[in-house]
Every structure is written in structure tokens, then in C-alpha cells.
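# Structure at a glance
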Amino acid sequence: MRGGGTVPGGPGAGAPDGPAWDPPAGSVPARDGAPVVVVGGGLAGIAAAVALGEAGHRVTLFEARPRLGGATHSFNRGGLTVDNGQHVFLRCCTAYRGLLDRLGRTGLVHLQDRFDVPVLTPWGRSGRLRRTALPGPFHLLPALARYPLLGPADRLRAMRASLALRRLDPADPALDRIDLGSWLAAHGQSEAARRALWELFAMAALNAAVEDVALGPAAMVFKTALFGRADAADIGLPAVPLGELHGAAARAAIERLGGAVHLSSKATAVGPGPVVTVGGGRIEASAVIVAAPHEQAAALLPEDAVPGVRRWSGLDASPIVNVHIVYDRRVTETPFAAVVGSPVQWVFDRSRVAGLERGQYLAVSVSAADRWIDTPTALLRAVFEPALERIFPAARRAEIVDFFVTRERRATFRQRPGSGALRPGAVTRWPGVFLAGAWTDTGWPDTMEAAVRSGLCAARLAGRHLGGPAARSPRTSHHREALT
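Residues numbered from 1 in each chain as written. Predicted model: local features only at pLDDT ≥ 70, side-chain atom pairs only at ≥ 80, totals over all residues. Heavy atoms only, no water.

Turning our eyes to something else, we now look at the sheet that holds strand E5 (residues 89-90). The strand order E5-E9-E6 describes an open sheet built from three strands, whose pairing is antiparallel. On the outer flanks of this sheet lie E5 and strand E6 (109-111), each paired with one strand and no other. As paired elements, E5 and strand E9 (residues 235-238) share two bridges and run antiparallel to each other. In the strand pairing of E9, Leu-90 is matched with Ile-235. (Pairing = 2+ DSSP bridges. Helix = DSSP H or I, 4+ residues; strand = E, 2+ residues; numbered from the N terminus.)

This is how it looks when you write it as C-alpha cells:
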């Protein structure tokens, strides 16, 4: 459910919201007292910069775009503040929640008291998946036993498969070579069960259909979130626009800690020393954290630094499309829902967060959107407008005030079988140069949680390299530090 993209007048339009870096003339600064340079201002770079700043290190962050936040950002359209896509988190996302706390934003999100997801269909039937007060892994079994979108036999087989998933070790390399769909079929899951149950969560968390995602990350999601601690999957949603939740708060925090943020400043090379080239100028650094997307990181670093760096292209990318519809009246009282049997996968009421005073603004999140990524907006409207009317009959009587689409072609890396072996650790061969990003080997799928964990890991390693207190930064479990 990580979304993104731009629309005319969206992010990047107009003047940048912060100064670009003006490369120095002449010699580079002396190594003694040089800053830690963070390349990339997404959640990984933000987490690293804040952690290092709190540990007393001077940080300089360079971001090529005119904003911080990476794949999580907002823009203005027709008086509304629009998020590029719907981003959610779970109670088990402890590193991400810790970053919100460090940014002073914990009070600007809503976290469910109890996991509760309505599941809608275009033919009028509906279901609900809500955890009970039982301890994990039994907290969801009553909901599965009563799930009306599956027949009795499928419900029983789903409960058995959920218990079998708990016995898998997500770190087992063998699971990286198997797809989730094959495993589900081998464990008695019918096509109906895969579409009405398993794909609801696999698609949202992994940005892939069950046939296209590796069993390892899928097992990690189901085992940790749904079949682990009873409260692990409680859903969190932003109560303010993402730009306010992440970007603006991160910049303020970094600068408050003595760091510097340079927007619209693209790094073009990283060299041993370490040295970073930005805008034609060379900067000496005490350490460098490359927190860019994997394609950009591969372009910055040579084989000398990371043997096999070109393998990262094999991670590829998977798109997400978000369809935004503003109605002249309310068409549903449901704050969010999953949808089965429709091109609509998940739908969210964004009215209050966006600042809509009258009517209703719904955002539809479509993961693994290869089918839709190049479809013109008019054709998408011809599909999704009637699809929403079938789910919410009141929409048939409403007028559409605005309809637009945001697209993120490279929303996540493609978490298919074999992708786990391509994810690098945080350490490079060059002393003082480290990697961060949700695409690195965090033990988590490509999510906001993985991004933050990778940033904290890189900050800890940089602190260890510098011999300062950042060496005692919070550990990020499951992150492979060794060079691969």
C-alpha cells in the first residue's frame, strides 16, 4: 500500500521548499571535523540522520528532490492536501513508530485498539476480519472460522495453513526460491481462498500477487504481523498529510540537532576516503550513508566498493497506482476497507486528512499495478468509477467533483522468488561507506519499517566507524551487516 507518483501541479512544481547546495570553489574541506554525509532524504536517510544527530555527530543530508520523505509525500490540488498514496503501518512496526516519536509526531497518527478490517465485495456480501482478546496465534482463528466470504471447508483449511505458516523460518534461503501461491496451493488453499483472504494482505504488504512473491518475505509478514503477537497487526493511519508527518518534521529535527539539509542537490558519485560529489563539487566526509533507491545507489558506487553491485538491477521494481475521487456528498461511512472481486483493492476515506470541508474524498490503492500503470486517466475513470458505485451504491447518486491518478512506477522492488539473494548488507568494502534503504537486507519486506530499520543500522555502523556514541544506537534485528 505504498503509493506514489505525480500529477500536474503536484510535487516538484514551483520553487523548492529548501535551499539547494552551492558547491564550494577550490579545495574540499579538511577531513578533520568533516560531517557524516547522508545521500537520500527518504525514511532511511531521515532515520540515519536523526539517529546520528542525537548521538552528537554533525550530519549533512543531500536530497535530489525539492522535499524530504522519499516515497511518502504530499502536494496541493484544488485546495486539498493530497498524499501521493496511502501509507499504513502496524503496531509491530516498532522502528517506524520510534522514528515518529523522535520527530514528535506520535500524536499525529491513529493506531487501532484492535485489528479490524471490513472486507467488501461488488455483489453486496461483506466480511470482517477482527482479532479477539485471545493470545497469539489464536486471536484471528475465530475470525477465520466465521469469515463469510469463504465456505466452511476453505475456512478450516485457512486455519490449518495459518498454523503451518507460523512454523516457517523466513530467513531460510530455501523460502526465497518458492512463491507463496505454490505453497498455498500445496497446503489446500483454493483459488477463492487465495483471492478472498491471502492476497488481501500479501498484495498490500508486498506489492505483488501471491503467485509472484517469494515465500520468505510473505512468511515474515504473516508470521510477524498476523500470526504472532495478538496486537501486532493493529493498523495505524496518518491523521495529517504525509508531508507534515515526515518531511517537514524531519528537516526541523535534523537542523535542531545541528545538521544541514540540502534539497534539490543530487549526489553523482561516492568515492573512497570517503568523498561525495554533489553538483560538481567534492565533499570530504567522515562517513557516508548511501540511502538512495537501489538503482541510484548502484549508479553511485563502483564494483570496488560493492562487488556484484550490478546484480541490484535484478531487484527490478513493482508499481502502485492510486485513484483519487472527490464526491459532492458522502457515499460511505467506512473509514477504510479491503475489497474482493473488484479492481478496487483497498479504499480509504481521506476527507479529513486532506482538508475537505464538504463531500467525500476517497483514495483507492492498487498494488502490483503493472496492468494499470500506463492506462490513461480517462480509461481508469471508466473502470474505477463504476467499480466504486458497485461497492458503495450511494455513489451512484453523487457527482464527481474531481478525479485524478497518482502513479509510482518504482514503488517497491519486485519481491519475487530469488530477490532475497540480491539484497545487499549495510557494509561496503570502503571504510566509512554504508548502505541504507528498504531494499537492503533488513529481514523485512520493502516497507516503511524496513526503510527506518536500515537507516538505524547504517547509523549504528557509522557511529562504530567514528568511535562515537552512535555505536550504541538501537540495534535493528535481522539486518545483515556483512558485505554480500
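Turning our attention to helix H6 (residues 191-206). In a regular helix each residue adds 1.5 Å, so 16 residues correspond to 22 Å; H6 covers only 19 Å between its end C-alpha atoms and thus falls short of that length. In H6, a bend of some 55 degrees at Trp-198 exceeds every other bend along the element. For H6, the buried fraction is high: twelve of the 16 residues fall into the buried class. Those residues of H6 lying buried are Ala-193, Arg-194, Ala-196, Leu-197, Trp-198, Glu-199, Leu-200, Phe-201, Ala-202, Met-203, Ala-204 and Leu-206. The positive-phi residue at the C-terminal boundary of H6 is Asn-207, with phi of around 55 degrees. (Expected span 1.5 Å × (residues − 1). Bend = angle between axes of the 7 residues up to and from the residue. Buried < 20%, exposed > 50% of the residue type's maximum accessible area, 1.4 Å probe, protein only.)

Take the sheet that holds strand E13 (residues 281-284) next. Across the sheet, which stays open at both edges, the three strands sit in the order E11-E12-E13 with antiparallel pairing between neighbours. Each of the sheet's edge strands pairs with one partner strand only, and the pair in question is strand E11 (267-271) and E13. Each strand axis lies, on average, 20 degrees off the axis of its neighbour in the sheet, ignoring direction. Note that E11 and strand E12 (residues 275-278) share four bridges and pair antiparallel. Counterpart to Val-270 in the pairing with E12 is Val-276. (Axes fitted to C-alpha atoms, helices over the stretch in contact; angles between N-to-C directions.)

The next subject is the pairing of strand E8 (residues 126-130). Covered by surrounding structure in E8 are Gly-127 and Leu-129 only, the residues Ser-126, Arg-128 and Arg-130 on the alternate face being uncovered. Relative to E8, strand E7 (residues 116-120) is paired through five bridges, and the arrangement is antiparallel. In the sheet register, Leu-120 faces E8, and the bridge partner there is Ser-126. In sequence, E7 turns back onto E8 through a hairpin of five residues, with Gly-124 there showing a positive phi of about 95 degrees.

The next thing to look at is the UniProt feature "binding site: FAD" (unreviewed entry) in the protein chain. As recorded in UniProt, the feature "binding site: FAD" (unreviewed entry) lies at Glu-63 and Ala-64. In the annotated group above, the largest pocket draws its lining from Glu-63 and Ala-64. Looking at where Glu-63 falls in the secondary structure, it is placed in the loop between strand E2 (59-62) and strand E3 (74-77). Residue classification places Glu-63 among the buried positions, given a relative accessible area of 4%. Polar contacts involving the side chain of Glu-63 include one to the main-chain amide nitrogen of Gly-41, which spans 2.6 Å. Along the chain, Ala-64 turns up in the loop between E2 and E3. Judged by relative accessible area, Ala-64 falls into the partly exposed class, the value being 43%. Apart from residues no more than four positions distant in its own chain, Ala-64 is found in contact with Ser-264, Ser-265 and Lys-266. (UniProt positions renumbered as here; feature names shortened; annotations may be inferred. 1 Å grid on protein atoms, 1.4 Å probe; cavity = no way out; pocket = protein on both sides within 12 Å on 5 of 7 lines; lining within 4 Å. Polar contact = N/O pair within 3.5 Å; in protein donor to acceptor, adjacent residues only side chain to side chain. Contact = heavy atoms within 4.5 Å.)

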